[in-house]
Amino acid sequence: MFRINGENVEMLIVQAQQATFQELPLESGEVLAPATIEYETYGTLNAHKNNAILIIHALTGTAHCAGKHSEEDKKPGWWDTMIGPGKHIDTDKYFVVCSNCLGGCSGTTGPRSINPKTGRRYNLQFPQITIGDQVELQKQLMEHLEIDRWLSVVGGSMGGMNTLDWTVRYPEKVVSAIPIATTWQLSSQSIAFNWVGRKAILSDPAWENGEYEKELPESGLSIARMLAHITYLSDVGMDMKFGRNLQEENKVSKDFSTSFSIESYLNYQGQRFVERFDANCYLYLTRALDYFSLADHGDGDLSKALAKATADFLVVSFSSDWLFTTEQSKQVVEALKNNGKNVTFSEIDSNYGHDAFLLEVEALGTMIREFLKYQHTKLVRGEK
Amino acid sequence: MDAKIVNRPALIEICKHIPENSRVLDLGCADGTLLEILRENYGAKVHGIEIEQQNISKCISKGIPVIQADLNEGLGSFKDNSFDFVILSETFQMVRNPDYLLSEMMRVGRTGIINFINIGYWLDRFQLFFGGRMPKNKHLPHEWYNTPNIHLGTIKDFQDLCKSLDIKITQQQPIFSALKMLPKVSPNLFAKKCVFLIEK
């Protein structure tokens, strides 16, 4: 405990945990054996087991969504503004679970894991995984934790695709779902951005056909990240933050090193990224995004796919998100409505672009809090 | 009658016309009060459309499914004939193209219920006629230049519009507070508001 404004605030200290399962059959027909998942939990699963919430991260996230690993930790989890004691997703009330997605590089099995058959890293021998495979691994974790159903599944961006997949893959396991800043399938433009990002990695000599060991393909990965980062911001948001500002006043660089603030910012983002993320994982995960289409659950028909869902939905998009647009969210909402599902939709007005789902804490958090509260009450009353 | 709308005669009037277990869409549903009553007391399957972020949160806390959208853009994502009733309460005069919204209501619902603000009301006429200025009073509190009520009309105007759109007014119920008999004699002159039921 420590004190803020004279009030005792509980500091959430968490430990990452791992679970290993004998095998994970994949959509490709291959089997990962074994499959490890890294996860964190916050709060307590109550006796009725009706307060469990699954949080699913975006493309490059981790299982560490809230709290700190130790008091000395500089940075809390990636959604700490949202999740914690007394926060919008209140860990005093709910049992929150977050895991690292399959194919990632933060503890869960991915391309950089050791292939038990060879004793060496999988690298490009790693099977192509899908969003559905990620959900299947989360399902195994769910059973491991002896949770019967999720009060809610909550995810942004790639996590939102996982969320949508959960609702039709295991409808009986999902009481409610909150897909945020996401889409039911990538547009051609988004696939194009992913392609260029992967090309940057593939063209880095240090990538060495995925078999890099000492020298990492940092240049390729950081270019991929810089490109992607542009798609996470909005034109107006970038202009507000950086405008045409130069790094140093009146200094125009004669070479092609950073001159504008935005260049320097992107460079910084690229450099920070290679310290925490892996190039092969980036290849596999962006491919998983590209191949995802929720409509696959309905023979190519989104409406038919969502007909299977039984959850109540809160779908949220952001006005300046041009990566996964409001229009794409509305297509999900429309399909749900046409199936007579219980769906609420909000487009939050924001300049933050795709990143808004991490930044618009108040507007988003208020809706999530009220939605969870209602869903929980309904579940306790036995109406669901 | 639900205590939450005891002072809102137009809402009471709207509830009267909705049989149990109806499918109801409320356009501009605000904090979802009306839909909550219709769901709790009338077993209605409800949906709302609302533009204000804070109202969306309030609807969510009541468990009212709501779509954040601008009514000026029509009801595009709602399927034809997907509701028994489509309600438009005190919002009609605020939309950019009331005629378009009326036809949209008739597309997605069987019956439309409109709570119409009547500027033919004697007080409004009195203020314009003798005061020489746009009416400003308890039911029209804004200045002429900043009012959200950009399409004010009279009961007769509304009747004419429906006629031109081939929409039938199946019922009209003038809303009044004190003078109980007069609105029945001449609603256009004595009713502040009027609840219309319309059908194709």
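What counts and what doesn't
Residues numbered from 1 in each chain as written. Chains lettered and ligands numbered in written order. Predicted model: local features only at pLDDT ≥ 70, side-chain atom pairs only at ≥ 80, totals over all residues. Heavy atoms only, no water. Helix = DSSP H or I, 4+ residues; strand = E, 2+ residues; numbered from the N terminus. Rg over C-alpha atoms; globule rule 2.2 N^0.38 Å. Contact = heavy atoms within 4.5 Å. Areas by Shrake-Rupley, 256 points an atom, 1.4 Å probe, with all protein chains shown as cover. Buried area = accessible area lost by both parts, 1.4 Å probe. Salt bridge = Lys/Arg side-chain N within 4 Å of Asp/Glu carboxyl O. Polar contact = N/O pair within 3.5 Å; in protein donor to acceptor, adjacent residues only side chain to side chain. Nonpolar A, V, L, I, M, F, W, Y, C, P; charged D, E, K, R; others polar. Patch = residues over 30% accessible without salt bridge, like charges linked within 9 Å, V, L, I, M, F, W, Y side chains within 5 Å. Buried < 20%, exposed > 50% of the residue type's maximum accessible area, 1.4 Å probe, protein only. Phe/Tyr/Trp six-rings, centres within 6.5 Å; stacked < 30°, edge-to-face > 60°. Core = buried A, V, L, I, M, F, W, Y, C linked by side-chain atoms within 4.5 Å. Domains from an automatic or database assignment.

Here the focus is the overall build of chain B. What chain B contains, in helices and strands, is eight helices and seven strands. Expected size for 200 residues packed as a compact globule is a radius of gyration near 16 Å; at 17 Å, chain B falls within 12% of this value. With respect to the three principal axes, the spread of C-alpha positions in chain B is 50 × 35 × 35 Å. Expressed as a percentage of contacts within chain B between residues at least 6 apart in sequence, the contacts between residues at least 24 apart total 63%. Put simply, chain B shows about 9800 Å² of open surface, and 54% of that area lies on carbon and sulfur atoms.

Moving on: the interface of chain B and chain A. In this assembly, 18 residues from chain B lie in contact with 19 residues from chain A. Taken together, both faces of the contact between chain B and chain A bury some 1500 Å²; the carbon and sulfur share is 53%. Looking only at chain B, the three residues that lose the most surface to chain A are B:Ile60, B:Gln68 and B:Ser77, adding up to 32% of its buried area. One can count zero salt bridges joining chain B with chain A. The tally of links between chain B and chain A comes to nine residue pairs in polar contact (both at pLDDT 80 or more). Those elements that provide at least two residues to the side of chain B that touches chain A are strand E2 (45-50), helix H3 (53-62) and strand E3 (66-68) of chain B. Among the residues making up the side of chain B that touches chain A, the classes are represented as seven nonpolar, seven polar and four charged.

Before going further, it helps to spend a moment on the side chain of A:Asp290. All names here are of chain A. Tracing the backbone shows Asp290 in helix H7 (residues 279-291). A distance of 3.0 Å separates the side chain of Asp290 from the side chain of Arg198, its partner in a polar contact. Ignoring sequence-local partners within four residues, the contact set of Asp290 consists of Leu186, Ile191, Asn194 and Arg198.

In this model, A:Ala33 is joined to A:Pro34 through a cis peptide bond whose omega is 0°. Tracing the backbone shows A:Pro34 in the loop between strand E5 (31-32) and strand E6 (35-42). Residue A:Asp299 is not a glycine yet carries a positive backbone phi of 50°. Structurally, A:Asp299 is set in the loop between H7 and helix H8 (302-306). Positioned with a positive phi, B:Ala30 is a non-glycine residue whose angle comes to about 50°. Of note, B:Ala30 is situated in the loop between strand E1 (23-27) and helix H2 (33-42).

All names here are of chain B. A surface patch of nonpolar side chains, amounting to about 500 Å² of accessible area, comprises Trp122, Phe126, Phe129 and Phe130. As for its position among the elements, Phe129 is in helix H5 (residues 122-131). Look at Phe129 and you get exposed, because its relative accessible area is 66%.

Turning next to the packing of aromatic side chains. Two aromatic rings, taken as a pair, are described by how far apart their centres are and by the angle between their planes. Going through the model one piece at a time under the given rule, you end up with 21 aromatic pairs over all chains. Each ring, one from A:Phe273 and one from A:Tyr282, has its centre 6.0 Å from the other, and the planes form 80°; the classification is edge-to-face. As far as the burial class goes, A:Phe273 and A:Tyr282 line up, both buried. Three or more aromatic residues joined by ring pairs form one cluster here, namely B:Phe92, B:Phe116, B:Phe158 and B:Phe196.

With that out of the way, let us pick up the environment of B:His139. Residue and element names in this part refer to chain B. Note that His139 resides in the loop between H5 and helix H6 (155-164). On the basis of relative accessible area, His139 is assigned to the buried category, the value being 14%. Spatially, the C-alpha atom of His139 lies 9.6 Å from that of Asp124, the residues being 15 residues apart in sequence. Not counting chain neighbours up to four residues away, the residues in contact with His139 comprise Ile117, Asn118, Tyr121, Asp124 and Lys192. In terms of polar contacts, His139 uses its side chain to reach the side chain of Asp124, at 3.1 Å.

The subject of this paragraph is H3(B). Extensive coverage of H3(B) is indicated by the burial of seven of its ten residues. Buried residues of H3(B): B:Gln53, B:Asn55, B:Ile56, B:Ser57, B:Cys59, B:Ile60 and B:Lys62, and no others. In this fold, the buried residues of H3(B) make contact with strand E15 (312-318), strand E16 (343-348) and helix H11 (361-380) of chain A together with H2, E2 and E3 of chain B. Positive phi shows up at B:Gly63, right after H3(B), with a value of about 75°.

What follows deals with the nonpolar core. In terms of nonpolar packing, the biggest core is built from 100 residues, with A:Trp166, A:Phe313 and B:Leu27 touching the most fellow members. Here this core gets eight residues from one element, more than from any other, and that element is H7(A). The residues that make up this core include at least three from each of domain 1 (2-185 + 293-380) and domain 2 (191-286) of chain A. Once residues within four sequence positions are removed from consideration, A:Phe313 is found in contact with A:Leu164, A:Thr167, A:Ala177, A:Pro179, A:Leu306, A:Leu336, A:Asn342, A:Val343, A:Thr344 and A:Phe371. In terms of nonpolar packing, the next biggest core, distinct from the first, is built from 59 residues, A:Met82, A:Val175, B:Ile14 and B:Cys59 among them.

Turning next to the pattern of salt bridges. Residues and elements named next belong to chain A. Within this structure, the stated rule accounts for 21 salt bridges over all chains. The shortest N-O distance in the salt bridge between Arg272 and Glu275 comes to 2.7 Å. Highlighted residues: Arg272 and Glu275, both in helix H6 (residues 261-276), separated by three residues, approximately one helical turn. Linked by salt bridges that have partners in common, Glu27, Glu136, Asp165 and Arg169 make up one network.

Attention now goes to the environment of B:Ile117. Locating B:Ile117 in the fold gives a position in strand E5 (residues 109-117). A C-alpha to C-alpha distance of 7.6 Å links B:Ile117 and B:Gly153, two positions 36 residues apart in sequence.

What follows is about the domain arrangement of chain A. All names here are of chain A. Entries for chain A in the domain assignment read domain 1 (2-185 + 293-380) and domain 2 (191-286). Of note, the centres of domain 1 and domain 2, computed from C-alpha atoms alone, are 26 Å apart. Listed as interface residues are 27 residues of domain 1 and, on the opposing side, 27 residues of domain 2. For the pair domain 1 and domain 2, the summed buried surface comes to about 2300 Å²; carbon and sulfur atoms form 58% of the total. The three residues of domain 1 that bury the most area against domain 2 are Leu59, Thr60 and Trp322, which together make up 26% of that side's buried surface. For the pair domain 1 and domain 2, the number of links is 16 residue pairs in polar contact (both at pLDDT 80 or more). Residues of the side of domain 1 that touches domain 2, tallied by class, amount to twelve nonpolar, eleven polar and four charged.

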